[in-house]
Amino acid sequence: LDTTGTVISTELQTFQPGKLSTGKSSLGEHVAYNIYHANGLLNIVDTRQIMHYNYRALEEKQATLIYGYTMEDVKTVNGTTYQLLIPAQETTEGIHINNVRLMYGATDRVLHLPSECIAAKIGTHSVYGFSQTAVSACRFGETSFKSYALPVSVTAVLGMINDNRVIAASGSEIYVIELPE
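In this report, we go over the structure that sits alongside the text.

The rules behind each value
- Residues numbered from 1 in each chain as written.
- Predicted model: local features only at pLDDT ≥ 70, side-chain atom pairs only at ≥ 80, totals over all residues.
- Heavy atoms only, no water.
- Phe/Tyr/Trp six-rings, centres within 6.5 Å; stacked < 30°, edge-to-face > 60°.
- Helix = DSSP H or I, 4+ residues; strand = E, 2+ residues; numbered from the N terminus.
- Buried < 20%, exposed > 50% of the residue type's maximum accessible area, 1.4 Å probe, protein only.
- Lys NZ or Arg CZ within 6 Å of the ring centre and 35° of its normal.
- Core = buried A, V, L, I, M, F, W, Y, C linked by side-chain atoms within 4.5 Å.
- Contact = heavy atoms within 4.5 Å.
- Polar contact = N/O pair within 3.5 Å; in protein donor to acceptor, adjacent residues only side chain to side chain.
- Pairing = 2+ DSSP bridges.
- Axes fitted to C-alpha atoms, helices over the stretch in contact; angles between N-to-C directions.

### Quick word on the packing of aromatic side chains
And then number 1: Per the stated rule, a full pass over the model turns up three aromatic pairs.
And then number 2: Where Y82 meets Y104, the ring centres are 4.9 Å apart and the plane angle is 45°; that geometry is what we call tilted. One end of the pair, Y82, is in strand β8 (residues 80–87); the other, Y104, is in strand β9 (residues 97–104), with 22 residues separating them in the sequence. The pair Y82 / Y104 is uniform in exposure class, with both members buried.
And then number 3: Summarising the aromatic geometry, the rings of Y82 and F140 are spaced 3.8 Å apart at their centres and angled 10° between planes, so their arrangement reads as stacked. One end of the pair, Y82, is in strand β8; the other, F140, is in the loop between β13 (134–139) and β14 (146–149), with 58 residues separating them in the sequence. For the pair formed by Y82 and F140, the shared burial category is buried.
And then number 4: Members of the aromatic cluster, connected to one another through ring pairs, are Y82, Y104 and F140.
And then number 5: We note R101 situated over the ring of Y69; from NZ or CZ to the ring centre the distance is 5.2 Å.

As structure tokens, this is what we get:
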């Protein structure tokens, strides 16, 4: 992020270990907030799109428009990269998620959660939406969620770990909760 001029500019610069720079490209005025590797490409997420670059910092394919959404989670399962986006939040009074956008391969669909959630994550076979008292699961390829009661009142979701387990906070206590497939 270059802030020396009158307008901010985000730049991508790639290196090969032990050598000089392999490439450099200007990403424009939007702030990049996530980068991940999938299908041999560097995918740079900014406030309006996902840009796809190779390791020489050359754009490989047309950017994917995500304006109005925020990247929440990315996971590769059996060679397929799943990208989970949530609507951009317009309030500072906490996160309120009513639907999520799931992208993988040529699929780009909006999934409607059965109730308002405070977090959404990707597991090994499903997308999960978390409210304080329940978790809703939608298997990859399906369009509807099934809800399950949580054993504790969840105040924050800290992350997912292997085998469909979530690290969740309940007040000042931290729990690892096994989730349904």
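Having seen it, we continue.
### Considerations on the nonpolar core
And then number 1: V100 and L102 are the most contacted members of the largest nonpolar core, which totals 17 residues.
And then number 2: Sorting the residues of this core by element identifies β8, β9, β10 (107–117) and β11 (119–122) as the ones contributing at least two each.
And then number 3: Per element, the largest residue contribution to this core is four residues, and it comes from β9.
And then number 4: Ignoring sequence-local partners within four residues, the contact set of V100 consists of L84, L85, I86, R109, V110, L111, L113, A120, V127 and F145.
And then number 5: A119, V154, V166 and L179 belong to the second-largest nonpolar core, a separate cluster that totals 13 residues.

### Details of the side chain of R101
And then number 1: Inspection of the secondary structure puts R101 in strand β9.
And then number 2: At 3.2 Å, the side chain of R101 forms a polar contact with the backbone oxygen of L65.
And then number 3: If we ignore the near neighbours within four places in the chain, the residues touching R101 are L65, I66, Y69, Q83, L84, L85, D108, R109 and V110.

### Here's the deal with the sheet that holds strand β4 (residues 41–46)
And then number 1: Taken together, four strands build an open sheet; the order of strands is β3-β4-β5-β6 and the sheet is antiparallel. On the outer flanks of this sheet lie β3 (32–38) and β6 (59–65), each paired with one strand and no other. Between one strand axis and the next, the sheet turns by 20° as a mean value, whatever way the strands run.
And then number 2: Taken together, the four bridges between β4 and strand β5 (residues 49–53) define a ladder with antiparallel strand orientation. The partner of L42 across the bridge, within β5, is Y53.

### Notes on the pairing of strand β17 (residues 173–178)
And then number 1: One ladder, built from six bridges, connects strand β16 (residues 165–170) with β17; its direction is antiparallel. Bridge pairing links S170 to E173 in β17.
And then number 2: Taking the residues that link successive antiparallel strands as the turn, the β16-β17 hairpin has two residues, and the phi of G171 there is positive, at about 65°.

### Thoughts on the environment of E59
And then number 1: Relative to the elements of secondary structure, E59 occurs in strand β6.
And then number 2: Each C-alpha atom of the pair E59 and Y104 lies 19 Å from the other, and the pair is 45 residues apart in sequence.
And then number 3: Ignoring anything within four residues of it in the chain, the contact list for E59 reads M51, H52 and Y53.

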